[in-house]
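Okay, here's what each chain looks like letter by letter:
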Amino acid sequence: MRRVSVAEYRFLAPMRGIGFEFAGTDSQQTVCGRNRFAIGRACERSGDSDFQSYIILAISLHISMAREDTGHDLRNWIDRVEDIGSLKRIDSEVDWDEEMGAITYISHKKEGAPALLFENIKDYPENYRVLFNIFSSSTERLALTMKEDPGLGERELIQKARSKLTAREEPKPVDKADAPVLENTDRGEDIDLWKFPVPKMWPGDGGRFIGTADLTITRNPDTGELNMGTYRQMIHNENQTGLFTSPGKDLRLHLQKQWKKGEPLEVVAVYGVLPELFLASQLTFGEDVSELEIAGGIRDSPIETVEGEITDLPIPANAEIAVEGKMYPGERKMEGPFGEFTGYYGRPEDDAEVNTVEAVHYRDDPILTCALMADYPGCDINLTYSVGRSARIWNDLDSLGVPGVKSVYAHPAGASGMSMTVVSIEQQYAGHAKQAATLAAQCPGGAYFSKFIVVVDEDVNPADTNQVIWAMATRWDAERHTDMLTDTWSTPLDPSRNPADERPYGSQLIIDATKEHKYMDEFPPRTAVREEMYDEVVDRWDELGFDYDAPSLPIFYDETGGFDDDDPDLEEGASGDDDGHMTM
Ligand SMILES: Cc1cc2nc3c(=O)[nH]c(=O)nc-3n(C[C@H](O)[C@H](O)[C@H](O)COP(=O)(O)O)c2cc1C
């Protein structure tokens, strides 16, 4: 038995694979845990000094973290998420008809709310479960899926995502006997998509959507390359779903090519997904980039797949529920509307292509995965889109050779990271800020449906809304630092542009909230404390009685004040202190 200091915790925390148990003098619920994440949270809650009173009962390599890599399936992920306190099981009976959607929306009005596992759904057997909000606004669950430390913040995750999203791992085929998804298969007359507890999420939805946290695998008819994408799927009847695809999306391109030959397109749709696959499939990559390989790159090991029995397509072997089907040329049925990621019903009920299901594969006690689309933070994809898009824009700017980019942040509240991009740069030459902003507005990773592009200096954290607004308030002059791009790439789902048939086009506002480059030397220095003083205060932090960690600061006092002391214009008339710094 021994105590663990906060410093020691911080040393131990990054070590993967170490689990230890401890108990505290506080309520067991809040301070006890079996692993480093729980300890981290307990530490934060209790404050540094109090933490000393929590006695470690055993520090062992019994490896609660052993759960981490023992199996690549959703159930293993659920266990690990539960271990870090980020899952809520709901065993009271709930209705598939609007109630699951409402519980999810209301509970996720709080940022970072847990994933929800519904275990008792009206009209369905208890072993048929539904998981909502795989990611939602939880950095912990996103980091864990990316095989990163769940303690990482959003900014660090964006940095990690920059390399993860460019890594590739080819899928690994496995034998049928090693594919849990084949534990049960329904064919022909036995097919009944209603057998799963599929929710109707919003009152105005046009039906029950079996595919939301889903993925759809198709093959490019010209090249044979695989594509994986997330497309909503509404049940029409026992064996048919409506599969809505926006113009330009890969699945739609595959359909167009295959139908030109007069042949049906083969489809595998997965309705009980592995989170890393869901993450890769919802992000946009080139037509011939296989998101199966990207998912492998994200988790740093190949995705196990098994051959389809109806189609020439792979099925993720550890999926919970997967169907094989065909989309026949010209076949369409009325589909929607659906409560969208914009927080609106963007597309009224309309024709959409149909998938006719020929085989349904599912595990024993299957888990259907669902994603609620809503305004922030109630939308499942806000954070994933924010992180994925920020990483891609940053990579695009790098590959275009724009120097000095310090950070990129696509704000999750901007319709899932799409609408608002903030770039911070260290200005190096005239026009640099404008160049970074316009390229961020139009690079492949950032062009779709973006509306505001704000560029700030390196002393402003783009992910800190308060700082960004402060920079806009103090460095942006609306008349001279604003540009507009018109007829840009947008979406038919944007309700701000009317009449609706104008919607594929949008417009973008470029806000240069950097210190005006032309007058950089004269720009007033911002108030800041000296670094030595900061260190002194942090050293005394506990003694001063604060019960939270000392916040970090964006910048320290610059002895030069940013002024050229020899500049006579500045000396004259400037009210300054003895060092020549401006004072109020
Ligand atoms: C929950 C969810 C539902 C989505 N539904 C659709 C949809 O119905 N139609 C569509 O075109 N895109 C939809 N998307 C966006 C696509 O998944 C996304 O654009 C993806 O990059 C498409 O991949 P692909 O072009 O590689 O096929 C959805 C995304 C999510 C996360």
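Residues numbered from 1 in each chain as written. Predicted model: local features only at pLDDT ≥ 70, side-chain atom pairs only at ≥ 80, totals over all residues.

Overview of the overall build of the protein chain
And then number 1: Secondary structure assignment for the protein chain yields 17 helices and 26 strands.
And then number 2: Per-residue burial for the protein chain yields a buried fraction of 42% across its 584 residues.
And then number 3: Sequence-distant contacts in the protein chain: of pairs separated by 6 or more residues, those separated by 24 or more amount to 69%. (Helix = DSSP H or I, 4+ residues; strand = E, 2+ residues; numbered from the N terminus. Buried ≥ 20, exposed ≤ 12 C-beta atoms within 10 Å, placed from the backbone. Contact = placed C-beta atoms within 7 Å.)

Comments concerning the nonpolar core
And then number 1: V181, V270, A322, L372, A440 and V455 are the most contacted members of the largest nonpolar core, which has 126 residues in total.
And then number 2: Among the elements that make up this core, the one with the highest residue count is helix α12 (residues 382–399) (seven residues).
And then number 3: There are two domains that each give this core at least three residues, and those are domain 2 (71–380) and domain 3 (382–522).
And then number 4: Residue contacts for A322: discarding those within four places in its chain leaves V181, V268, A269, V270, I315, P316 and H361. (Core = buried A, V, L, I, M, F, W, Y, C linked by C-beta atoms within 7 Å. Domains from an automatic or database assignment.)

Details of the sheet that holds strand β7 (residues 129–132)
And then number 1: Read across the open sheet, the four strands follow the order β5-β6-β7-β21; overall the sheet is mixed. Of all the strands in the sheet, the pair left with one neighbour each is β5 (87–90) and β21 (367–370). Put simply, the sheet's adjacent strands are angled 20 degrees from each other on average, direction ignored.
And then number 2: Here β5 pairs with strand β6 (residues 115–118) via four bridges, running parallel. Across the sheet, the residue bridging to R89 is L117, located in β6.
And then number 3: Against the sheet, helix α5 (residues 74–83) contacts β5, β6 and β21, and its axis sits at roughly 110 degrees relative to β5.
And then number 4: Strand contacts of helix α6 (residues 99–107): β6 and β7, with the helix running at about 155 degrees to β6, the strand carrying the most contacts. (Pairing = 2+ DSSP bridges. Axes fitted to C-alpha atoms, helices over the stretch in contact; angles between N-to-C directions.)

Points about the sheet that holds strand β8 (residues 172–173)
And then number 1: Taken together, the three strands give an open sheet; going across it, the order is β8-β16-β17, and neighbouring strands pair in mixed fashion. Each edge of the open sheet is held by one strand with a lone partner, namely β8 and β17 (314–316).

Regarding the site of the ligand
And then number 1: G229, T230, R232, S246 and D250 are the nearest of the 17 residues found near the ligand.
And then number 2: Residue composition of the shell around the ligand, grouped by class: six nonpolar, eight polar and three charged. (Near = placed C-beta within 6 Å. Nonpolar A, V, L, I, M, F, W, Y, C, P; charged D, E, K, R; others polar.)

Some words on the confidence of the model for the protein chain
And then number 1: With 83% of its residues at a pLDDT of at least 70, the protein chain reaches an overall mean of 86.
And then number 2: Confidence over residues 1–70 falls short of pLDDT 50; this stretch has 92 contacts with residues more than four positions distant or in other chains.
And then number 3: For residues 562–584, every residue scores under 50 in pLDDT, and the model assigns this stretch 20 contacts once sequence neighbours within four places are set aside. (pLDDT = per-residue confidence, 0-100.)

Notes on the packing of helix α10 (residues 275–282) against helix α11 (residues 291–299)
And then number 1: One can describe the packing of α10 onto α11 by two numbers: an axis separation of 8 Å at closest approach and a directional angle of 125 degrees. In terms of orientation, α10 lies oblique with respect to α11. Where α10 crosses over α11, the handedness of that crossing is right-handed. Every residue of α11 that contacts α10 at E276, L277, L279, A280 and S281 is listed here: E291, I294, A295, I298 and R299. (Parallel < 35°, antiparallel > 145°, perpendicular 65-115°, else oblique. Left-handed = near helix turned anticlockwise from the far one by under 90°.)

Quick notes on α5
Along an α-helix, residues three or four positions apart point the same way, because every turn accommodates 3.6 residues.
And then number 1: All buried positions along α5 are accounted for by L74, W77, R80, V81 and D83.
And then number 2: Once α5 finishes, G85 follows within two positions and takes phi at roughly 75 degrees, a positive value.

Considering unusual backbone geometry
And then number 1: Residue P337 is reached from G336 by a cis peptide bond, and omega for that bond is -5 degrees.
And then number 2: On the secondary structure map, P337 appears in the loop between β19 (332–335) and β20 (350–362).
And then number 3: The backbone of N133 sits at a positive phi, close to 60 degrees, despite the residue not being glycine.
And then number 4: For N133, a count of 28 C-beta atoms within 10 Å gives the class buried.
And then number 5: Positive phi, close to 50 degrees, is recorded for D487, a residue that is not glycine.
And then number 6: Summarising the element assignment, D487 is placed in strand β25 (residues 482–489).

Quick word on helix α9 (residues 250–260)
And then number 1: If you check which residues of α9 are buried, you get D250, L251, H254, L255 and Q258. Viewed along the axis of α9, the buried residues span an arc of 140 degrees, placing them on a single side of the element. Turned more than 90 degrees away from the buried face of α9, the exposed residues are Q256 and K260.
And then number 2: Those residues of α9 hidden inside the fold are in contact with β11 (215–219), β12 (226–229), β15 (265–270), β18 (321–327) and β20.
And then number 3: Residue G262 follows α9 closely and has a positive phi angle near 75 degrees. (Arc of directions from axis to C-beta.)

A word on the pairing of β18
And then number 1: Counting buried positions over the seven residues of β18 gives six, a clear majority of the element.
And then number 2: With six bridges joining them, β15 and β18 adopt antiparallel strand pairing. Bridge assignment links V268 to a residue of β18, and that residue is E324.
And then number 3: Alignment of β18 against β20, held across six bridges, turns out to be antiparallel. Counterpart to I321 in the pairing with β20 is Y362.

Observations regarding the packing of helix α8 (residues 154–164) against α12
A pair of packed helices is characterised by two quantities: the angle between their axes and the separation of those axes.
And then number 1: At their nearest, the axes of α8 and α12 sit 8 Å apart, and the two run at 55 degrees to each other. Classified by the interaxial angle, the pair formed by α8 and α12 is oblique. In the packing of α8 onto α12, the handedness of the crossing is right-handed. In this structure, α8 uses E154, L157, I158, A161 and R162 to contact α12, whose residues at the interface are V387, G388, S390, A391, W394 and N395.
And then number 2: Classifying every residue of the contact of α8 with α12 gives six nonpolar, three polar and two charged.

Some remarks on the environment of T465
And then number 1: With respect to the helices and strands, T465 occurs in helix α14 (residues 465–475).
And then number 2: Remark: the alpha-carbon pair of T465 and V422, spanning 43 residues in sequence, is separated by 9.7 Å.

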